Amino acid sequence: MRGYFAIDFEECKLKLNKMPITDFKTLLDAGVHFGHLKRKWNPAMAPYIFMERNGIHIIDLEKTIVKLDEAASAMKHIAKSGKKVLFVATKKQAKEIVAENVKKVNMPYVTERWPGGMLTNFPTIRKAVKKMGSIDKMATDGTFANLSKREKLQVTRQRAKLEKNLGSIVDLTRLPSALFVVDVCKEHIAVREAKRLGIPVFAMVDTNSDPSDIDFPIPANDDASKSISLIIGLLCQSIEEGLNERKIEKDKEPGIRDKKVIRKDLESKDIPAALIEAITEEDEEDEVEEAEEETVTGETEEEAGEEAEEEE
């Protein structure tokens, strides 16, 4: 189990010492405050409901602003540490919005049917992604041209199906550090898989949702395209800021920084202790992996040199 999965995000609500990333009027204009009918409500959402009007619950936007800032700050730090956030939105009105915004920040996303076991059975999903690469290789090395017409059709259809379902997660080589979900009720399987693995979940929760299993709930209207577009846009903006800061730091310090230096830098920014521990642990793991790879490479070169001397 990787270090960042062990973070207790209930105790890791980031300290916000800056202006909110949005304001009350912007959220109101986007219709973020509209909830579901009173008869469809989930009692667990009571703390986030402001009032009821004409049989419809109205979400408390002041609480939405606070929760949105917390989620944006956490995502920024995840992106800055070089980790991935997987966005999940398979509902019709959210598909294009998520795909368009998330592509800009180079994060993985799922907008088609959620493949069962995508997180809990990740190695199998990776095999399917690699299959796409092998089919592409067939087209370039001439193998595809030697196939019969029927085989070509079958392979082309298989490639198209894989591209549709898994094309957006090609760059996801390891389990994501966090999951963002647009509709908790619709994506309950994805949320369940993430919770089983201890992956923190960010989500837009409407008045019919249960926020108790969500680490970073954002009370908002998850049915209106304007509302979804606003929330996704703000979160992607935070991720982009984190990536830019990471790039600037890398340009200044091309070498691998000492763990103590990283820790000191993070502590100066009022980041919770558990999140600091997880980030530094991950960096240490990466350094160990790189060292092991170098050792294996060195041993292989020595063996090759010895074999060459024996042949002489």
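Worth saying up front: this structure is predicted, and the values here are computed from it rather than measured.

1. Here we look at the overall build of the protein chain
Along the backbone of the protein chain there are 9 helices and 8 strands. The buried share of the protein chain, reckoned over its 312 residues, is 43%. Approximately 17,300 Å² of the protein chain is accessible, and the part contributed by carbon and sulfur atoms is 50%.

2. Structural notes on the sheet that holds strand β4 (residues 85-88)
Strand order in the open sheet formed by 5 strands is β5-β4-β6-β7-β8, and the pairing between neighbours is parallel. Each having just a single partner strand, β5 (109-110) and β8 (216-219) make up the two edges of the open sheet. Note: strand β7 (residues 201-205) against β8, 4 bridges, orientation parallel. Within β8, the residue paired with Ala-203 across the bridge is Pro-217.

3. Notes on the side chain of Asp-206
Within the secondary structure, Asp-206 is located in the loop between β7 and β8. With no salt bridge to any partner, buried Asp-206 finds its closest opposite charge in Lys-91, at an N-O distance of 6.6 Å. A distance of 3.3 Å separates the side chain of Asp-206 from the backbone nitrogen of Asp-222, its partner in a polar contact. Ignoring anything within four residues of it in the chain, the contact list for Asp-206 reads Phe-34, Gly-35, His-36, Met-45, Ile-59, Ala-220, Asn-221, Asp-222 and Asp-223.

4. Some details on empty space enclosed by the protein
Tallied over the entire structure, the rule returns 3 cavities of 30 Å³ or more. Its boundaries defined by the atoms lining it, the second largest cavity holds a volume of some 40 Å³. Every residue lining the second largest cavity is listed: Ile-21, Leu-234, Gln-237, Ser-238 and Glu-241. Grouping the amino acids of the lining of the second largest cavity by side-chain chemistry returns 2 nonpolar, 2 polar and 1 charged.

5. Examining helix α3 (residues 92-104)
The largest bend in α3 comes to about 25 degrees, at Val-98. On its buried side, α3 packs onto β4, β5 and α7 (225-252). Count one or two residues on from α3 and you reach Asn-106, which has phi positive near 60 degrees.

6. Considering the confidence of the model for the protein chain
Summarising the model, the protein chain shows a mean pLDDT of 79, and 74% of its residues fall at 70 or more. Mean pLDDT across the elements of the protein chain bottoms out in helix α9 (residues 273-311) (50) and peaks in strand β6 (residues 178-181) (94). Under a pLDDT of 50 for its full length, residues 1-17 has, in the predicted model, 52 contacts with residues more than four places off or in other chains. Ignoring residues within four places in sequence, the model shows residues 287-312, a span with pLDDT below 50, making 5 contacts including any to other chains.

7. Overview of the pattern of salt bridges
Here the structure, examined in full by the defined rule, presents 14 salt bridges. As a salt-bridge pair, Asp-223 and Lys-91 come within 2.9 Å of each other at their nearest N and O atoms. In this pair, Asp-223 sits in the loop between β8 and α7 while Lys-91 sits in the loop between β4 and α3, placing the two residues 132 residues apart along the sequence. On the accessibility criterion, Asp-223 (30% relative accessible area) is partly exposed. Taking the relative accessible area as the measure of exposure, Lys-91 reaches 6% and is therefore buried. Three or more residues joined by partner-sharing salt bridges are found here, namely Lys-76, Lys-80, Glu-241, Glu-245 and Glu-249.

8. Considering the packing of aromatic side chains
Counting across every chain of the model gives 2 aromatic pairs. A centroid spacing of 5.3 Å and a plane angle of 45 degrees characterise the contact between Phe-87 and Phe-180, whose relative ring orientation is tilted. Here Phe-87 is found in strand β4, whereas its partner Phe-180 is found in strand β6, with 93 residues between them in sequence. Residues Phe-87 and Phe-180 agree in their burial class; the two are buried. Their ring planes at 10 degrees and their centres at 4.7 Å tell us that Phe-202 and Phe-216 sit as a pair that is stacked. Placement of Phe-202 in strand β7 and of Phe-216 in strand β8 is noted, with a sequence separation of 14 residues between them. Residue Phe-202 shares its accessibility class with Phe-216, and that shared class is buried.

9. Some thoughts on the nonpolar core
In this structure, Phe-87, Phe-180, Val-182, Phe-202, Ile-231 and Leu-235 are the most contacted members of the largest nonpolar core, which totals 39 residues. Mapped onto this core, the elements with two or more residues apiece are α2 (61-80), β4, α3, β6, β7, β8 and α7. If you tally residues by element for this core, the top one is α2, at 9 residues. Formed by 30 residues, the second largest nonpolar core is a distinct cluster that contains Met-45, Val-88, Ile-125 and Val-201.

Conventions and cut-offs
Residues numbered from 1 in each chain as written. Predicted model: local features only at pLDDT ≥ 70, side-chain atom pairs only at ≥ 80, totals over all residues. Heavy atoms only, no water. Helix = DSSP H or I, 4+ residues; strand = E, 2+ residues; numbered from the N terminus. Buried < 20%, exposed > 50% of the residue type's maximum accessible area, 1.4 Å probe, protein only. Areas by Shrake-Rupley, 256 points an atom, 1.4 Å probe, with all protein chains shown as cover. Pairing = 2+ DSSP bridges. Lys, Arg positive; Asp, Glu negative; His and termini not counted. Salt bridge = Lys/Arg side-chain N within 4 Å of Asp/Glu carboxyl O. Polar contact = N/O pair within 3.5 Å; in protein donor to acceptor, adjacent residues only side chain to side chain. Contact = heavy atoms within 4.5 Å. 1 Å grid on protein atoms, 1.4 Å probe; cavity = no way out; pocket = protein on both sides within 12 Å on 5 of 7 lines; lining within 4 Å. Points joined across faces, edges and corners; volume = space filled by probe spheres on them. Nonpolar A, V, L, I, M, F, W, Y, C, P; charged D, E, K, R; others polar. Bend = angle between axes of the 7 residues up to and from the residue. pLDDT = per-residue confidence, 0-100. Phe/Tyr/Trp six-rings, centres within 6.5 Å; stacked < 30°, edge-to-face > 60°. Core = buried A, V, L, I, M, F, W, Y, C linked by side-chain atoms within 4.5 Å.

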